[in-house]
Amino acid sequence: MRHFFRTDYRQDLGLYKSNRERFWYALLLVLLIVAPMILGEFYVGELGGLFIFAVAGVGLMLLVGYTGLISLGHAAFLGIGAYTNAVLLKQGVPFLITLPIAGIFTGICGAAIGRPTLRMSGLYLAIATLAFGSIVGTIFQKWEHVTGGFDGFAVPTPYVFGIPLDNTTGIYYMSLVVLIFVMWIAANLLRSPTGRAWVAIRDSEVSAQSMGINLARYKTMSFAISAGMTGLAGALFAHYVRFLAPDAFDVLLSVQFITIVFVGGLGSLRGAILGAAFVRLLPQGIAIVRDDLPFGIGRLPGLEPSLFGLVLVLVILFQPAGLNGMWLKFKAWFQQYPFKRMVSGRRQKSYAKSERLR
Amino acid sequence: MSMFQADDISVRFGGIRAVDSVSFDVQEGEVFCIIGPNGAGKTTIFNLISRIYSTTSGRLVFNGQEFTHTPPDRIAGMGIARTFQNIELFPNATLLQNLLIGRHCHHKVGFLSQMAFLPSVRREELHHREKVEDVIAFLGLQRYRDSLIANLPYGVRKVVELGRALCTEPKLLLLDEPSSGLNVEETEGMGFWIEDIKKDLGITVIMVEHDMALVNQVSDRVMALNYGKVIAMGSPSEVQSHPEVIKAYLGGDLEEAA
């Protein structure tokens, strides 16, 4: 087992625990930068899609995993970001301006939905955000002279410094940059007072309040940041799908986002990335085995959503720490080899049982 | 001039008067103890002071400043910190994070500088870390610094909660049953800490407590409550020998009770 010996409080403030970690992340970055030159177009496209989902996943992780609020309406935020970006581009606004505007405007929408739902939590909040999602979906359909209604419209080509970015590689790099930016913001907030306030609200509202945390302010902020990040993902998503139509932003997409957060592992940014990878890979996996499944299971309609639901339930039951938890256990196994045992990762619950009042 | 003053405070929940015209004042530097049978309204008084409940009538004054209608999240900033009877820590955060949350009311950096983690944020974080480490050293919690609260034994959690309240740098500390769930030695230790808090840190303490040994050990004055009303106030021995208090704990004769 490796130990980090700390000699300075500054070491706890850094984004990376050690130079070793810094090295691995740098290597990963280099690999991701050269990947489009090595991989085929299909894989580059898939990775780009993964990055876009990961951006939204990080946003939702801040809300669900760190603040303890739930949202079943994040597809709507994705849609707001996508339409804002595309509509502004159609007006001739340059992409480097429409992208941040899409994020900021969606963030404001997030604050607007966060504010009235402050007193709700759990199921009630889920229902309220679900309703919000379907209202926004209806707006996309009916506001025809802006959104083009059911017919939709083709998203204009984005230009960055005169270079068109509508090809797969362009979208790949754009999404990678946005993902790194969003991760940086999220990690910064989480090591700042704001992130701690969110965790405090998640764990105990009453004592968060008596420590001086303004619940309304921090919950609204969490909604705004979460929605803003999802809006950025939406702006990229518009270019990824190239053609915007309202049916892309349905409840099923919101459920996919929630799946990212839960399967990835609540309360971890790495989990958001792993979850996004899972959600993007599962449909591909189904597509590969679909024809070989017995009894015509592969031809059943709704196979994909039901598998998402099944996985979500199984993860909540058997692996509450999600893929991130599995990764940590896997790492611990190698670090402690050959001393790792089944019980090593188990939380010590004996104290909790002897407690008088819980 | 007393430091804290509760002036004729009452709170009603429907038809129940949980706290009924209670008045008391606390001098700077004393340990003031509230005792009474279950349901007497002791914790309710704490919830009124930390503004989790609103008073139906009456006034609350701290350092000459009325705070009867101050929002609950401003109380810590005024210099009043509290602990909870059933421990309200943040179980899925480390001890260090819990104590840092205690520093929340002293944070000054803006949201945008936090997003970019500017040098000003870094400086402030280091400053707060040092303050937190002082509390960790004071309470001897070094070896649990990076443990999740969920993995800590009950006795340690009780101390952590005390530490989190101390991290807000309070002038007035409200302790809700600091000894509940602790064994004899742990209770004794808690008593020494409360004395240290009073003598070394100069913090005024209001405490709800059932353990009479602890009450006798630390408190300067005691107030006894029953059914939301003050039945006795004075030194610990005066209150314990007061006939009303004995009746409240042991029961009076039947005719009087009816």
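Each value, and the rule that gives it
- Residues numbered from 1 in each chain as written.
- Chains lettered and ligands numbered in written order.
- Predicted model: local features only at pLDDT ≥ 70, side-chain atom pairs only at ≥ 80, totals over all residues.
- Helix = DSSP H or I, 4+ residues; strand = E, 2+ residues; numbered from the N terminus.
- Buried ≥ 20, exposed ≤ 12 C-beta atoms within 10 Å, placed from the backbone.
- Domains from an automatic or database assignment.
- Contact = placed C-beta atoms within 7 Å.
- Nonpolar A, V, L, I, M, F, W, Y, C, P; charged D, E, K, R; others polar.
- Core = buried A, V, L, I, M, F, W, Y, C linked by C-beta atoms within 7 Å.
- Pairing = 2+ DSSP bridges.
- Axes fitted to C-alpha atoms, helices over the stretch in contact; angles between N-to-C directions.
- Parallel < 35°, antiparallel > 145°, perpendicular 65-115°, else oblique.
- Left-handed = near helix turned anticlockwise from the far one by under 90°.

Caption draft 1: Looking closely at unusual backbone geometry. Residue and element names in this part refer to chain B. Although it is not a glycine, Arg51 sits at a positive phi angle of roughly 65°. Looking at the secondary structure, you find Arg51 in the loop between α1 (42–49) and β4 (57–62). Judged by local crowding, Arg51 falls into the buried class, with 21 C-beta atoms found within 10 Å. Its identity as a non-glycine residue notwithstanding, Glu177 has a phi of 45°, on the positive side. Within the secondary structure, Glu177 is located in the loop between β7 (172–176) and α7 (184–199). The class for Glu177 is buried, based on 21 C-beta atoms found within 10 Å.

Caption draft 2: Fine view of the domain arrangement of chain A. All names here are of chain A. On domain assignment, one finds that chain A holds domain 1 (17–317) and domain 2 (321–358). For domain 1 and domain 2, the distance between their C-alpha centres works out to 30 Å. The partner domain 2 presents six residues to the 12 residues of domain 1 that form the contact. Listing elements by their share of the side of domain 1 that touches domain 2, those giving two or more residues are α11 (251–264) and α12 (269–289). Ranked by residue count, the leading element in the side of domain 1 that touches domain 2 is α12, at five residues. For the side of domain 1 that touches domain 2, a count of residues per class yields six nonpolar, five polar and one charged.

Caption draft 3: Structural view of the nonpolar core. Within the largest apolar cluster, 162 residues are counted, with the highest numbers of intra-cluster contacts made by A:Ala54, A:Val55, A:Val58, A:Leu232, A:Leu236, A:Val261 and B:Val205. When residues of this core are assigned to their parent elements, the largest contribution, 16 residues, is made by helix α2 (residues 41–66) of chain A. Those residues in contact with A:Leu236 that lie beyond four places of it in its chain are A:Ile52, A:Val55, A:Ile171, A:Met174, A:Ser175 and A:Val178.

Caption draft 4: Main features of the sheet that holds strand β10 (residues 229–234) of chain B. All names here are of chain B. The six strands lie next to each other as β6-β7-β8-β3-β9-β10, forming an open sheet whose pairing is mixed. The outermost strands of the open sheet, each flanked by one partner alone, are β6 (80–82) and β10. The mean angle between the axes of side-by-side strands here comes to 20°, regardless of whether they run parallel or antiparallel. Both β6 and β7 contribute to a ladder of three bridges, which runs parallel. The residue bridging Ile80 from the neighbouring strand is Leu172, located in β7. On top of the sheet, α1 reaches β3 (31–35), β6, β7, β8 (204–208) and β9 (221–226); it is set at about 145° to β7, its chief contact.

Caption draft 5: Structural detail: the environment of A:Gly275. All names here are of chain A. Looking at the secondary structure, you find Gly275 in helix α12. Judged by C-beta crowding, with 33 C-beta atoms within 10 Å, Gly275 ranks as buried. In this structure the C-alpha to C-alpha distance between Gly275 and Ile258, which are 17 residues apart in sequence, comes to 9.4 Å.

Caption draft 6: The packing of α11(A) against helix α13 (residues 303–318) of chain A, seen in detail. All names here are of chain A. As a packed pair, α11 and α13 sit with axes 10 Å apart at the nearest point and diverge in direction by 30°. By the angle between their axes, α11 is roughly parallel relative to α13. As α11 packs across α13, the resulting crossing turns out to be left-handed. Where α11 abuts α13, its residues Leu252, Val255, Gln256, Thr259, Phe262 and Val263 lie against Pro305, Phe308, Val311, Leu312, Val315 and Ile316. Taken together, the residues of the contact of α11 with α13 sort by class into 10 nonpolar, two polar and no charged.

Caption draft 7: Molecular detail of the interface of chain A and chain B. In this assembly, 31 residues from chain A lie in contact with 38 residues from chain B. For the side of chain A that touches chain B, the secondary-structure elements that each account for two or more residues are α7 (168–190), α8 (193–203) and α9 (205–210) of chain A. It is α8(A) that provides the largest number of residues to the side of chain A that touches chain B, a total of seven residues. Residues that form the side of chain A that touches chain B fall into these classes: 13 nonpolar, 11 polar and seven charged.

Caption draft 8: View of the sheet that holds strand β1 (residues 4–13) of chain B. Residue and element names in this part refer to chain B. Sheet architecture is open: four strands sit in the order β2-β1-β4-β5, paired in antiparallel fashion. Looking along the sheet, the strands with just one partner apiece sit at the ends: β2 (16–26) and β5 (65–66). Here β1 pairs with β2 via seven bridges, running antiparallel. Among the inter-strand pairings, Gln5 is bridged to a residue of β2, identified as Asp25.

Caption draft 9: Seen up close, the packing of helix α3 (residues 74–90) of chain A against helix α4 (residues 95–114) of chain A. Residue and element names in this part refer to chain A. Relative to each other, α3 and α4 sit at 145°, their axes nearing to 8 Å. Crossing angle aside, the handedness with which α3 passes α4 is right-handed. Taken together, the residues of α4 that come into contact with α3 (itself represented by Phe77, Ile80, Gly81, Thr84, Asn85, Leu88 and Leu89) are Phe95, Thr98, Leu99, Ile101, Ala102, Gly103, Phe105, Thr106, Cys109 and Gly110. Across the contact of α3 with α4, the residue classes break down as 10 nonpolar, seven polar and no charged.

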